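What follows is each chain in one-letter form.
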Number of protein chains: 2
Amino acid sequence: MQKNIEFIDKLRSSGLRPTKQRLKICEVLFNREETFHFTIKDLVKKISDNLNEKISLATVYNTVHAFKDKGYLKEISINSDKSYFDTNITNHHHFFDEDTNQLIDCEDDYIENINIKKNITGKKINSVEVLIKVASDNQNQN
Amino acid sequence: MQKNIEFIDKLRSSGLRPTKQRLKICEVLFNREETFHFTIKDLVKKISDNLNEKISLATVYNTVHAFKDKGYLKEISINSDKSYFDTNITNHHHFFDEDTNQLIDCEDDYIENINIKKNITGKKINSVEVLIKVASDNQNQN
DNA sequence: CAACAGTTTAGAATAATTATAATTTAGTTT
DNA sequence: AAACTAAATTATAATTATTCTAAACTGTTG
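Residues numbered from 1 in each chain as written. Chains lettered and ligands numbered in written order. Predicted model: local features only at pLDDT ≥ 70, side-chain atom pairs only at ≥ 80, totals over all residues. Heavy atoms only, no water.

K.L.:
Is there a simple way to explain the domain arrangement of chain A in this structure?
P.N.:
Residue and element names in this part refer to chain A. On domain assignment, one finds that chain A holds domain 1 (4-76) and domain 2 (90-134). Centre-to-centre, using C-alpha coordinates, domain 1 lies 25 Å away from domain 2. In this assembly, four residues from domain 1 lie in contact with eight residues from domain 2. Taking both partners together, domain 1 and domain 2 bury about 520 Å²; carbon and sulfur atoms supply 51% of that area. When the area that domain 1 buries against domain 2 is broken down by residue, the three leading residues are His37, Lys74 and Ile76, summing to 90%. A salt bridge links Lys74 to Glu129, with the nearest nitrogen and oxygen atoms 3.5 Å apart. The interface formed by domain 1 and domain 2 contains six residue pairs in polar contact (both at pLDDT 80 or more). (Domains from an automatic or database assignment. Contact = heavy atoms within 4.5 Å. Buried area = accessible area lost by both parts, 1.4 Å probe. Salt bridge = Lys/Arg side-chain N within 4 Å of Asp/Glu carboxyl O. Polar contact = N/O pair within 3.5 Å; in protein donor to acceptor, adjacent residues only side chain to side chain.)

K.L.:
Help me understand empty space enclosed by the protein in this model?
P.N.:
Over the atoms rolls a probe the size of a water molecule, and its path tells where empty space is left. Per the stated rule, a full pass over the model turns up three cavities of 30 Å³ or more. Lining the largest cavity are 14 residues, and of these Glu129 and Leu131 of chain A together with Ser77, Glu129 and Leu131 of chain B lie nearest its centre. At the level of secondary structure, the elements contributing two or more residues to the lining of the largest cavity comprise β6 (123-136) of chain A together with β6 (123-136) of chain B. The class makeup of the residues in the lining of the largest cavity is six nonpolar, five polar and three charged. (1 Å grid on protein atoms, 1.4 Å probe; cavity = no way out; pocket = protein on both sides within 12 Å on 5 of 7 lines; lining within 4 Å. Points joined across faces, edges and corners; volume = space filled by probe spheres on them. Helix = DSSP H or I, 4+ residues; strand = E, 2+ residues; numbered from the N terminus. Nonpolar A, V, L, I, M, F, W, Y, C, P; charged D, E, K, R; others polar.)

K.L.:
Where do I start with the protein's contact with DNA strand D in this structure?
P.N.:
The immediate surroundings of DNA strand D are formed by 21 residues, with Tyr61 and His65 of chain A together with Thr19, Gln21 and Thr59 of chain B found nearest. The sugar-phosphate backbone supplies 75% of the atoms of DNA strand D found within 4 Å of the protein. Take Tyr61 of chain A: an N or O atom from its side chain is 2.8 Å from a phosphate oxygen of DNA strand D. With respect to DNA strand D, the side chain of Gln21 of chain B contributes an N or O atom lying 2.6 Å from a sugar or linking oxygen. Listing elements by their share of the surface near DNA strand D, those giving two or more residues are α4 (57-69) of chain A together with α2 (20-30) and α4 (57-69) of chain B. (Near = heavy atom within 4 Å.)

K.L.:
Got a minute to help me understand α2 of chain B in this structure?
P.N.:
Residues that lie three or four places apart on an α-helix share one face, since the helix turns once every 3.6 residues. All buried positions along α2 of chain B are accounted for by Leu23, Ile25, Cys26, Val28, Leu29 and Phe30 of chain B. For α2 of chain B, the elements touching its buried residues are α1 (4-13), β1 (37-38), α3 (40-50) and α4 of chain B. (Buried < 20%, exposed > 50% of the residue type's maximum accessible area, 1.4 Å probe, protein only.)

K.L.:
Please explain the interface of chain A and chain B as it appears in this structure.
P.N.:
Interface size is often expressed as the accessible area that is lost when the parts come together. Between chain A and chain B, the contact holds 38 residues from the first and 38 residues from the second. Between chain A and chain B lies a buried interface of about 3700 Å² when both sides are counted; carbon and sulfur atoms form 47% of it. Taking the shortest distance from any N to any O, the salt bridge between Asp97 of chain A and Lys123 of chain B comes out at 2.8 Å. Scanning the region where chain A abuts chain B turns up 22 residue pairs in polar contact (both at pLDDT 80 or more). For the side of chain A that touches chain B, the secondary structure elements donating two or more residues are β4 (93-97) and β6 of chain A. Here the side of chain A that touches chain B takes 14 residues from β6 of chain A, the largest share from any one element. Within the side of chain A that touches chain B, the residues separate by chemical class into 15 nonpolar, 10 polar and 13 charged.

K.L.:
Just to check I follow, could you spell out the sheet that holds strand β4 (residues 93-97) of chain B for this structure?
P.N.:
In a beta sheet, neighbouring strands pair by backbone hydrogen bonds and run either parallel or antiparallel. Reading across the sheet, the six strands line up as β5(A)-β4(A)-β6(A)-β6(B)-β4(B)-β5(B) and stay open at both edges, with mixed pairing between neighbours. Single-partner strands in this sheet number two, and they are β5 (102-106) of chain A together with β5 (102-106) of chain B. Taken over all neighbouring pairs, the strand axes of this sheet differ in orientation by 25° on average, direction set aside. Bridge count for β4 of chain B against β6 of chain B is four bridges, and the pairing is parallel. Bridged to His94 of chain B within β6 of chain B is Leu131 of chain B. (Pairing = 2+ DSSP bridges. Axes fitted to C-alpha atoms, helices over the stretch in contact; angles between N-to-C directions.)

K.L.:
When you look at the pattern of salt bridges in this model, what are you seeing that I'm missing?
P.N.:
Once the charged atoms of two side chains with opposite charge are near each other, the side chains can pair. Evaluated as defined, the whole model comprises 12 salt bridges over all chains. Across the pair Glu75 of chain A and Lys68 of chain A runs a salt bridge whose closest N-O atoms are separated by 2.7 Å. Overall, the relative accessible area of 14% leaves Glu75 of chain A in the buried class. Given a relative accessible area of 31%, Lys68 of chain A falls into the partly exposed group. With a closest N to O distance of 2.9 Å, Lys123 of chain A and Asp99 of chain B form a salt bridge. You can see Lys123 of chain A sitting in strand β6 and its partner Asp99 of chain B sitting in the loop between β4 and β5, one on each of two chains.

K.L.:
Any chance you could explain the protein's contact with DNA strand C here in plain terms?
P.N.:
By nearness alone, 23 residues border DNA strand C, and Thr19, Gln21 and Thr59 of chain A together with Tyr61 and His65 of chain B come closest of all. Near the protein, meaning within 4 Å, the atoms of DNA strand C are sugar or phosphate in a fraction of 76%, with bases accounting for the rest. In the environment of DNA strand C, a sugar or linking oxygen lies 2.6 Å from a nitrogen or oxygen atom belonging to the side chain of Gln21 of chain A. Between Arg22 of chain A and DNA strand C, the recorded distance is 3.0 Å, taken from a side-chain N or O atom to a phosphate oxygen. The set of elements that each furnish at least two residues to the surface near DNA strand C consists of α2 (20-30) and α4 of chain A together with α4 of chain B. Counting residues per element, the surface near DNA strand C draws most heavily on α4 of chain B, at four residues. Taken together, the residues of the surface near DNA strand C sort by class into eight nonpolar, eight polar and seven charged.

Following this line, the structure appears as structure tokens:
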């Protein structure tokens, strides 16, 4: 569990002012054992569940984008109408449960290393991400 | 190149009435050598470029969704605010050029087979897709 | 503590998509 | 081929996620 003072340093060191709102969002996002996968809506809900004061929607968007730009969050590509974010910023892959719309980290032992044999000429690879869509075994869902 | 009569059969066989609009959209989508990656906006533009008559936006959405449901199109997950569709419905992966926002098919010889060693209990795998984000080699882009 | 740039905010604006309800059309029945 | 019915199309309104705007506020620096 990180302390407030650590968040302040973290923010300052990347040129973000440690405002009340950003610190609250840090607490919600980073004071946890497990990776947090969330949409903006999820985060807004977590904030209003955990805090007394409210943070405006615009600030939540601003902060999430700032955190993403600074590398504290990753944005995950899901076949969807909204963006998912991930507090796990290491290189890793995902399962997406189509029954529940839940994003699940794919541990390293679940998948063999991805080997890109050729690349587009003149481009560098920025990321390689695997998305494994799963659904109930016993039903016909899509 | 497929003929109109083939599209009519194709649509009928999957329980879709071969309407004028759907046939026009079939022509635009499937009468081509290469895979077509597109957003709804792209498709609307192609339609208005190629045809005299106009098709309403709602119909374009309806048709693309119907075609997707019937398996004539795939929807591709991109880190973005809009949906991309693909006329290549085989299992395959993608490059996404972040400079140009272009989606590029990843040929089989570009990537080694993906091997999922473990899966989520009680779920079946519906799809495995790799997205390789690339950008200019000589610039600092993100 | 004054000044200033960086932040927050409510609310408006935008953009993609979906819903609605009236009209039209395709396929079937007479 | 006229009549019927369910499916499809359409213009438009509604919805949803996200971004923009401009005013008010706050953190930092001197």
